[in-house]
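Architecture at a glance
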Amino acid sequence: MPLVSVSGKDNIKALVKNEFKGEGRGIGTYLFGKDHNVGALFGSNLMYENDANKHGRLRKIVGEAMSPVAIAEALPSFQDLANQQVDRVLKADTIQMEEVFNDFTLDIAWKQILGLDLKQEDISEFHKMVQIWVKCIMDPMLLVPFRIPGLMKWTKVGRARTYIVSKIEEKLDKLERDGPDSSTLSKLYFATDDDGSKLTREEVIHNAMILIFAGSETSSSTLTCASLLLGLHPNVWRKIKAEQDELVAELGEEFTRETLDKSVYLDSVIKETLRVKPIEFGEMRLVENTVEVDGKQIPKNWFALFNVKQTHWNDPSTFKEDGSHMDVREGFQPERWLDETTKPSEWMPFGEGGRRCIGERLGMAEMKVFLGMMARKLDRYDLVNVHGDDDIVWKPDTVMARPADGTEIRATAADTSHAVEYQI
């Protein structure tokens, strides 16, 4: 498989201009194993639609469920779930934040995205099935050039997908019977195009599943890295606390759209985390007709990888010869986002062009609410397994970076009786 890595925002923008030109005329997305196992397990969704009109229709309708208004309506649910998980952190002597963030994002999946009414004993089953599906769907064994016998019935990943689809089907039946509710799935199901057409039931299911896949993996990974970085940089943690104290005093304890918009420093912390530790590889495109980027030809039938990590590395606004600009200790500087003269110019963790991640607002809102709640209820926390200048050990073969110890911490509750102590 001939493959070329493309980095640099301008180069990637030049490449994505060749999308949606028609079959055989530009570049298109390509799902490996789509004709056999992976395609059956992943489904046909917005991510892998190459027809310009179909993609535009899907993006418009799915986008309604991801609009600023829709995300604002979901914030009370996010806050409730974050509050439960932060209380769990405070009750434990030590705890792996990776587990906490996994549970938080999976709780959002069943409660907000799908709008399920799960009993306590069913929640762990839902978590387990989604984690099996997300992990196994990237198993290279699924790329064999034939359909695995009994894929949906006899394999773990097939049974997991069948379980998730059954839950979505049950919810769609309820929506059909009782009408709309506040869930993301409801918005997908009842949203209409300009001509009044709706998504088919299959389109709703497949696009709901991609929202679960993207949200549970990327948000959880980013939050796990952020908790490590904040443990390494207690001064940054204190600034987040100061900002949240001020916002509570001004706007109250409820997380609203205004609260998130005014969480400027917290926003810079999340963006800086995504700069230093973005997705490990990037999006892949099949070059269907020879294209030229930066004076170089990429031949027909080659694959082009959008290299996000290398793009961040080479950003002239942050680059240092010794690589320290990407180091979790020396390079993590959220303040760079607060000044136009130091703000990164080559930042693209959510992709670029017409396929930019449609769940970006959802992910950013999830992360802001959790870290904001954490800053309000924790005074401080210590990293259990990282001391001084210890090297950070990272898990192998992950979509996004995750510390090997899951960022194990020991937390101390905040004393809410005092006023704001820290200034940004």
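From a predicted model like this one, the values you see are computed outputs, not experimental measurements.

1. Things to note about the sheet that holds strand β1 (residues 3-6)
- Strand order in the open sheet formed by 4 strands is β1-β7-β4-β2, with mixed pairing between adjacent strands. Taken across any chain shown, the strands that pair with only one partner, and hence form the sheet edges, are β1 and β2 (27-29). Within the sheet, the average angular offset between the axes of one strand and its neighbour, ignoring direction, is 35°.
- In the packing of helix α1 (residues 9-16) onto the sheet, the strands contacted are β1, β2 and β7 (303-306), and the crossing angle to β7 comes to about 135°.

2. Some details on the pattern of salt bridges
- A full pass over the atoms with the stated rule returns 31 salt bridges.
- Across the pair Arg57 and Glu203 runs a salt bridge whose closest N-O atoms are separated by 3.5 Å. Highlighted residues: Arg57 in helix α3 (residues 52-65) and Glu203 in helix α10 (residues 201-232), separated in sequence by 146 residues.
- The residue Glu335 makes a salt bridge to Lys239 at a minimum N-O spacing of 2.8 Å. Taken together, the residues span a long stretch of sequence, with Glu335 in the loop between α14 (308-314) and α15 (360-377) and Lys239 in helix α11 (residues 234-251) at a distance of 96 residues.
- With relative accessibility at 31%, the residue Glu335 sits in the partly exposed group.

3. Comments concerning the side chain of Ser77
- Here Ser77 is to be found in helix α4 (residues 68-91).
- By relative accessible area, which is 13% here, Ser77 ends up buried.
- In this view, Ser77 contacts Lys111 and Gln112; residues no more than four positions away in its chain are not counted.

4. Focus: α15
- Given a rise of 1.5 Å per residue, 18 residues ought to cover 26 Å, and the 26 Å separating the end C-alpha atoms of α15 matches this to within 8%.
- Most of α15 is tucked away: 16 of the 18 residues are buried.

5. Comments concerning the environment of Gly196
- Secondary-structure assignment places Gly196 in the loop between α9 (184-190) and α10.
- Through-space distance from the C-alpha of Gly196 to that of Asn102 is 37 Å; in sequence the pair is 94 residues apart.

6. Considerations on the packing of aromatic side chains
- This structure, assessed with the given rule, holds 7 aromatic pairs.
- Plain terms: the ring middles of Trp133 and Phe213 are 5.9 Å apart, the flat faces sit at 75° to each other, and that makes the pair edge-to-face. One end of the pair, Trp133, is in helix α6 (residues 120-136); the other, Phe213, is in helix α10, with 80 residues separating them in the sequence. For the pair formed by Trp133 and Phe213, the shared burial category is buried.
- Considering the side-chain rings of Trp337 and Trp347, the 5.3 Å spacing of their centres and the 75° angle between planes classify their relative orientation as edge-to-face. One end of the pair, Trp337, is in the loop between α14 and α15; the other, Trp347, is in the loop between α14 and α15, and 10 residues separate them in sequence. In this pair, the class of Trp337 matches that of Trp347, namely buried.
- Three or more aromatic residues link up through ring pairs in this structure, and these residues are Phe101, Phe104 and Phe370.
- Across the ring face of Tyr189, the terminal group of Lys198 is positioned such that the distance to the ring centre comes to 4.7 Å.
- The positively charged end of Lys271 is found above the aromatic ring belonging to Trp347, 5.9 Å away from the centroid.

7. Overview of the confidence of the model for the protein
- The share of residues in the protein with pLDDT of 70 or more is 97%, and the mean pLDDT across the chain is 91.
- Per-residue pLDDT stays below 50 along residues 417-424; that stretch engages in 10 contacts with residues further than four places along the chain or on separate chains.

8. A word on the packing of helix α13 (residues 264-276) against α15
- Packing of α13 against α15 leaves a shortest axis separation of 10 Å and a crossing angle of 120°. Taken as axis vectors, α13 and α15 run oblique relative to one another. For the crossing formed where α13 meets α15, the hand is right-handed. Contacts from Leu266, Asp267, Ile270 and Leu274 in α13 reach Met364, Met367, Lys368, Leu371 and Gly372 in α15.
- When grouped by side-chain class, the residues that make up the contact of α13 with α15 number 6 nonpolar, 1 polar and 2 charged.

9. Things to note about the side chain of Ser219
- Among the secondary structure elements, Ser219 is positioned in helix α10.
- Once residues lying within four places of it in the same chain are set aside, the contact partners of Ser219 are Thr105, Ala214, Gly363, Glu366 and Met367.

10. Here's the deal with the packing of helix α5 (residues 97-113) against α10
- At their nearest, the axes of α5 and α10 sit 9 Å apart, and the two run at 150° to each other. Between α5 and α10, the interaxial angle falls into the category roughly antiparallel. The crossing of α5 and α10 is right-handed. Counting all contacts with α5, which are made through Met97, Glu98, Phe101, Asn102, Phe104, Thr105, Leu106, Ala109 and Ile113, the residues of α10 involved are Ala208, Leu211, Ile212, Gly215, Ser216, Ser219, Ser220, Leu223, Thr224 and Ser227.
- Grouping the amino acids of the contact of α5 with α10 by side-chain chemistry returns 10 nonpolar, 8 polar and 1 charged.

11. Observations regarding unusual backbone geometry
- Phi angles above zero are rare outside glycine, and Phe20 is one such case at about 60°.
- Its location among the elements puts Phe20 in the loop between α1 and β2.
- On the basis of relative accessibility, which here comes to 26%, the residue Phe20 falls in the partly exposed class.
- In this model, Thr407 sits at a positive phi of 55°, which is unusual for a non-glycine residue.
- Looking at the secondary structure, you find Thr407 in the loop between β8 (378-383) and β9 (408-413).
- Thr407 gets classed as buried once you look at its relative accessible area, which sits at 1%.

So, how was this worked out
Residues numbered from 1 in each chain as written. Predicted model: local features only at pLDDT ≥ 70, side-chain atom pairs only at ≥ 80, totals over all residues. Heavy atoms only, no water. Pairing = 2+ DSSP bridges. Helix = DSSP H or I, 4+ residues; strand = E, 2+ residues; numbered from the N terminus. Axes fitted to C-alpha atoms, helices over the stretch in contact; angles between N-to-C directions. Contact = heavy atoms within 4.5 Å. Salt bridge = Lys/Arg side-chain N within 4 Å of Asp/Glu carboxyl O. Buried < 20%, exposed > 50% of the residue type's maximum accessible area, 1.4 Å probe, protein only. Expected span 1.5 Å × (residues − 1). Phe/Tyr/Trp six-rings, centres within 6.5 Å; stacked < 30°, edge-to-face > 60°. Lys NZ or Arg CZ within 6 Å of the ring centre and 35° of its normal. pLDDT = per-residue confidence, 0-100. Parallel < 35°, antiparallel > 145°, perpendicular 65-115°, else oblique. Left-handed = near helix turned anticlockwise from the far one by under 90°. Nonpolar A, V, L, I, M, F, W, Y, C, P; charged D, E, K, R; others polar.

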